[in-house]
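Working through the structure, step by step
Residues per chain are reported as follows:
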Amino acid sequence: MIAAPAAPTQEPRMKIVRVETILLTIALNRDYGGSVYSVPRKNAIVTRIHTDEGLVGHCVNGEGNFDVHRQAREIVDRELAPLLIGQDPTAIETLWSRMWTSTHRGGRDKWAAVRAVACVDSALWDLLGKRAGLPLYQLWGGARHTLPIVAIGGQYRDGYAPQDYGAEMEEYRALGLAGCKFKVGGREVEEDLARTRAARRAGGDDFLLFADANRAWSRTQALAFCRQAADLDLRWFEEPCHWDDDRRDLALLRAQTGMPIAAGQSEITTQDCRDLMLDAAIDVCNLDASWGGGPTAWLRVARMAACFGVQMGHHGEPMVGSHLLAAVENGTYVETHHPDRDPIFHQMLIGRGAIENGHYALPQGPGWGVEFDPEFIERYRTD
């Protein structure tokens, strides 16, 4: 007699037992301001998801206003953590949907609520990567192991003449970076053109150069810049126009000038990014996962963008952005800052991967593949 097969046994599921958040703020050596903003400090949120198996997922989400970070942390601690305790951390899609309901509450900054979801989502993915034993970029698709890496630079400096920005480009080359996303929009078009030309001369023909106006210019000003910068071989022009009618303005700019247009970092939903594509407004979508709902949302946008023939960037945040961009075939460039501008990436991360000859080799450890310097966190934490 043949014995009946044994009933399958279900593996015990890991459970979330604690959610931890830490606020960091670091005074920078100067204000790294662009056309419409100031950055005198580097702010970030460290999120850790603790489980009953002892496995911990973590992430650091930076770039942004300290008050928004403080509100986001409160939302994680008071609203999201109670939703998560006792849950299976591998059910990321389900948990993301439950957390997203926090963004529907009225009377508060939506940016803070969306960022709160992003912080937890980012740590959950690290946990899943560690459980699977894979770097996240491989878990998500593994399109490549290295990426070209460029600086975000050209910030305005008092007393600088246009030619003085050339030395900054030379410094980026010495740091092993492949190019620079250069700030414009804070001066008249002619002055910003002179600054950009100085950057091109100093960087050389093989130096990747982008222009980024952070939504500072009118359509007329942006058109004038595009036409006069046609000989500078700009890789793309990012957020050239004011926010209030930018999709129409960006579409017109693309149609009339042929210059590649990037936008998306100022959007906080997948639907916002979808509409940029539907309106033929962009060639590159540079949604920031920390500002737009986390890796879960960013990956949705990346797959959608591939259907529209749109490439993906990621606004800063090189630890997070590198894994996302390396995962998908339509990813472009990792963005970093000068070490003085981003002490998180250049000082706090342990094992972050090498920068050499214009490329960034992603860390090969599971999850984000990095640890955080505990002394750095204690020095700059604020409670």
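Rules and cut-offs
Residues numbered from 1 in each chain as written. Predicted model: local features only at pLDDT ≥ 70, side-chain atom pairs only at ≥ 80, totals over all residues. Heavy atoms only, no water. Helix = DSSP H or I, 4+ residues; strand = E, 2+ residues; numbered from the N terminus. Rg over C-alpha atoms; globule rule 2.2 N^0.38 Å. Buried < 20%, exposed > 50% of the residue type's maximum accessible area, 1.4 Å probe, protein only. Contact = heavy atoms within 4.5 Å. Lys, Arg positive; Asp, Glu negative; His and termini not counted. Charge placed at Lys NZ, Arg CZ, Asp CG, Glu CD. Polar contact = N/O pair within 3.5 Å; in protein donor to acceptor, adjacent residues only side chain to side chain. Salt bridge = Lys/Arg side-chain N within 4 Å of Asp/Glu carboxyl O. Pairing = 2+ DSSP bridges. Domains from an automatic or database assignment. Buried area = accessible area lost by both parts, 1.4 Å probe. Axes fitted to C-alpha atoms, helices over the stretch in contact; angles between N-to-C directions. Parallel < 35°, antiparallel > 145°, perpendicular 65-115°, else oblique. Left-handed = near helix turned anticlockwise from the far one by under 90°. UniProt positions renumbered as here; feature names shortened; annotations may be inferred. Expected span 1.5 Å × (residues − 1).

The name that an unreviewed UniProt entry assigns to the protein is D-arabinonate dehydratase, with the source organism given as Pigmentiphaga kullae.

**Some details on the overall build of the protein**
Helix and strand counts for the protein stand at 13 helices and 15 strands. Taking 2.2 N^0.38 as the reference for a compact globule, 383 residues should give roughly 21 Å; the C-alpha atoms of the protein span a radius of gyration of 21 Å, in line with that estimate. Classification of the 383 residues of the protein by burial places 56% in the buried group. The long-range share in the protein, meaning contacts at least 24 apart out of those at least 6 apart in sequence, stands at 71%. Charge separation in the protein, taken as the distance between the mean sites of 41 positive and 52 negative side-chain charges, equals 3 Å.

**Description of the side chain of His-315**
As for its placement among the helices and strands, His-315 is situated in the loop between strand E10 (311–312) and helix H11 (318–327). On the basis of relative accessibility, which here comes to 10%, the residue His-315 falls in the buried class. At a separation of 2.8 Å, a polar atom in the side chain of His-315 contacts the side chain of Asp-288. Dropping the residues within four chain positions of it, His-315 is found in contact with Glu-63, Gln-265, Asn-286, Leu-287, Asp-288, Trp-291 and Glu-335.

**Points about the pattern of salt bridges**
On inspection of all chains with the given rule, the structure shows 30 salt bridges. Across the pair Lys-181 and Glu-238 runs a salt bridge, and its minimum N-O distance is 2.9 Å. Residue Lys-181 is located in strand E5 (residues 179–183), and its partner Glu-238 is located in strand E7 (residues 237–238); the two are separated by 57 residues in the primary sequence. On the basis of relative accessibility, which here comes to 0%, the residue Glu-238 falls in the buried class. With its nearest N and O atoms 3.6 Å apart, the salt bridge here joins Asp-245 to Arg-248.

**Details of the pairing of strand E3 (residues 56–62)**
For E3, the buried fraction is high: six of the seven residues fall into the buried class. Bridging between strand E2 (residues 41–51) and E3 involves seven bridges; their strand directions are antiparallel. In the sheet register, His-50 faces E3, and the bridge partner there is Val-56. Between E2 and E3, which pair antiparallel and follow one another directly, the connecting turn spans four residues, one of which, Gly-54, has a positive phi of 90 degrees.

**Quick notes on the domain arrangement of the protein**
If you check the domain split of the protein, you get domain 1 (16–132) and domain 2 (137–372). On a C-alpha basis, the centres of domain 1 and domain 2 stand 23 Å from each other. Each side of the interface is counted separately: domain 1 has 39 residues, and domain 2 has 44 residues. Across the interface of domain 1 and domain 2, roughly 3500 Å² is buried in total on both sides, 63% from carbon and sulfur atoms. When the buried area of domain 1 at its contact with domain 2 is split by residue, Glu-63, Trp-111 and Trp-125 rank highest and sum to 17% of it. Our count for the contact surface shared by domain 1 and domain 2 stands at three salt bridges. Counting the contacts that link domain 1 with domain 2 gives 16 residue pairs in polar contact (both at pLDDT 80 or more). When residues of the side of domain 1 that touches domain 2 are traced back to their parent elements, those giving at least two are strand E1 (16–27), E2, E3, helix H2 (92–100) and helix H3 (110–132). Counting residues per element, the side of domain 1 that touches domain 2 draws most heavily on H3, which supplies 14 residues.

**A word on the sheet that holds E3**
One open sheet accounts for three strands, arranged E1-E2-E3; its pairing is antiparallel. Two strands in the sheet have a free side with no partner beyond their single neighbour: E1 and E3. Pairs of neighbouring strands in the sheet enclose a mean axial angle of 15 degrees, with direction left out of account. As defined by bridge partners, E1 adjoins E2 across 11 bridges and the pair is classed as antiparallel. If you follow Leu-24 over to E2, its bridge partner there is Ala-44.

**Describing the packing of H2 against H3**
One can describe the packing of H2 onto H3 by two numbers: an axis separation of 10 Å at closest approach and a directional angle of 165 degrees. Between H2 and H3, the angle is such that the two are roughly antiparallel. When the axes of H2 and H3 are compared, the crossing they make is right-handed. In contact with Ile-92, Leu-95, Trp-96, Met-99 and Trp-100 of H2, H3 contributes Val-114, Val-117, Val-120, Asp-121, Leu-124, Trp-125 and Leu-128.

**Some points on the UniProt feature "domain: Mandelate racemase/muconate lactonizing enzyme C-terminal" (unreviewed entry) in the protein**
Mapped onto the present numbering, the UniProt feature "domain: Mandelate racemase/muconate lactonizing enzyme C-terminal" (unreviewed entry) falls at residues 162–260. With 47% helix and 12% strand, residues 162–260 has its two end C-alpha atoms placed 24 Å apart.

**Some thoughts on the packing of H2 against helix H10 (residues 295–308)**
At a minimum axis separation of 10 Å, H2 and H10 run at an interaxial angle of 105 degrees. Classified by the angle between their axes, H2 and H10 sit roughly perpendicular to one another. Facing H2, whose interface residues are Ile-92, Glu-93 and Trp-96, H10 presents Thr-296, Ala-297 and Arg-300.

**Examining H3**
Counted at 1.5 Å a residue, the expected span for H3 with its 23 residues is 33 Å, and the 33 Å between its end C-alpha atoms agrees. Measuring from the side-chain oxygen of the N-cap residue of H3 to the backbone nitrogen of Trp-111 gives 2.8 Å; that N-cap residue is Asp-109. Of the residues flanking the end of H3, it is Gly-133, one or two places downstream, whose phi is positive at about 75 degrees.

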